[in-house]
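This is what each chain is made of:
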Amino acid sequence: MTVIARQAFHFLPKAREIPGSIAIWAAILAEMTEFAIMFIVYFVARVHNPELFYDGPTRLSTSAGTANTLIMLTSSFFVVRAVMAMRENELKQCSQWLWGAVFCGVLYLVIKYFEYQWNTAQGLNTETNIFYGVYYYVTFNHFLHVGWGSAAIVWVIYRVNTGIYTKDDHEGLINIALYWHMIDLAWITIFPLLYVIR
């Protein structure tokens, strides 16, 4: 490469880096593939049982589903604010925003637990029909993701508070932010499919 070519290359804008590590993107791809398979099962079951999938959502608690949708969206906002605070070297604010996300995660789990209790009282379980079998399989899988995602955020808070993550080195925070947004995206897809669409 000539000197002129090297100088010209030097002034070209740098390609924007993709946030997060290769490992987290591989994990997100695996998780999204799992949810995609569940959604395929949902649509196949729906095609073969249209009446059950029409009636099924009417017996679920739309209020609980709506509340958890708002909670998940709020939690994602908190995670974004935490990343912004870290980039501004506001570690205390970063930690506070992350605790807000954990609170949302725990609140989601509590609401889902009582929703399951309410369903059981109405006689709705995995053996009621294929719709509720799919409902429980998909939502409980998501329940587990919210649980360990919340635990991972607590781990990130520890690393922020002990100075392991800094303004210039916080890939773990970025990774959990990406993972949490994946969990949020999955719920935004689950909610209309199971609670809204007739």
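Parameters and conventions
Residues numbered from 1 in each chain as written. Predicted model: local features only at pLDDT ≥ 70, side-chain atom pairs only at ≥ 80, totals over all residues. Heavy atoms only, no water. Helix = DSSP H or I, 4+ residues; strand = E, 2+ residues; numbered from the N terminus. Rg over C-alpha atoms; globule rule 2.2 N^0.38 Å. Buried < 20%, exposed > 50% of the residue type's maximum accessible area, 1.4 Å probe, protein only. Salt bridge = Lys/Arg side-chain N within 4 Å of Asp/Glu carboxyl O. Expected span 1.5 Å × (residues − 1). Contact = heavy atoms within 4.5 Å. Axes fitted to C-alpha atoms, helices over the stretch in contact; angles between N-to-C directions. Parallel < 35°, antiparallel > 145°, perpendicular 65-115°, else oblique. Left-handed = near helix turned anticlockwise from the far one by under 90°. Nonpolar A, V, L, I, M, F, W, Y, C, P; charged D, E, K, R; others polar. Core = buried A, V, L, I, M, F, W, Y, C linked by side-chain atoms within 4.5 Å.

Participant: Got a sec to walk through the overall build of the chain? Specific residues and values, please.
Facilitator: For the chain, the count of helices and strands is seven helices and zero strands. Each helix and strand of the chain, placed in order from N terminus to C terminus, yields the pattern α-α-α-α-α-α-α. Here the chain has a C-alpha radius of gyration of 21 Å; the compact-globule value for 198 residues is 16 Å, and the former is much larger. With the principal axes as the frame, the chain shows a C-alpha extent of 75 × 40 × 20 Å. Counting over 198 residues, the chain shows a buried share of 42%.

Participant: Let's hear about the pattern of salt bridges: which residues, and what values?
Facilitator: Within this structure, the stated rule accounts for one salt bridge. Residues K112 and E115 are paired through a salt bridge, measuring 2.9 Å at the closest nitrogen-oxygen approach. Linking K112 with E115, this pair stays in helix 5 (residues 91-121), spanning three residues, or about one helical turn. Each of the two residues, K112 as well as E115, counts as buried.

Participant: For helix 2 (residues 22-48), give the residues involved together with the corresponding values.
Facilitator: When the terminal C-alpha atoms of helix 2 are compared, their 39 Å separation across 27 residues agrees well with the 39 Å that a helix rising 1.5 Å per residue should span. Every buried residue belonging to helix 2 is among I24, I28, E31, F35, M38, F39, Y42, A45 and R46, and all of these are buried. At its buried positions, helix 2 is contacted by helix 3 (50-55), helix 6 (130-161) and helix 7 (171-196).

Participant: Before we move on, could you go through the side chain of T139 and cite the residues and values that matter?
Facilitator: Structurally, T139 can be placed in helix 6. Overall, the relative accessible area of 0% leaves T139 in the buried class. Residues within four places of T139 in sequence aside, it is in contact with K112, Y116, W187, I190 and L194.

Participant: Describe the packing of helix 5 against helix 6, listing the residues and the values that go with them.
Facilitator: Running from N to C, helix 5 and helix 6 cross one another at 155°; their axes reach a closest spacing of 9 Å. By the criterion of interaxial angle, the relationship of helix 5 to helix 6 is roughly antiparallel. As helix 5 runs across helix 6, the sense of the crossing is left-handed. The residue makeup of the contact of helix 5 with helix 6, split by class, is 21 nonpolar, nine polar and two charged.

Participant: Would you mind going over the nonpolar core in detail, with residue names and values included?
Facilitator: Judged by nonpolar contacts, the single largest core of 55 residues is most densely connected at C94, L98, Y135, I153, L173 and L194. Of all elements in the fold, only helix 2, helix 4 (62-87), helix 5, helix 6 and helix 7 reach the threshold of two or more residues within this core. The residues contacting I153, other than those within four sequence positions of it, are V79, L98, A101, V102, I176 and W180.

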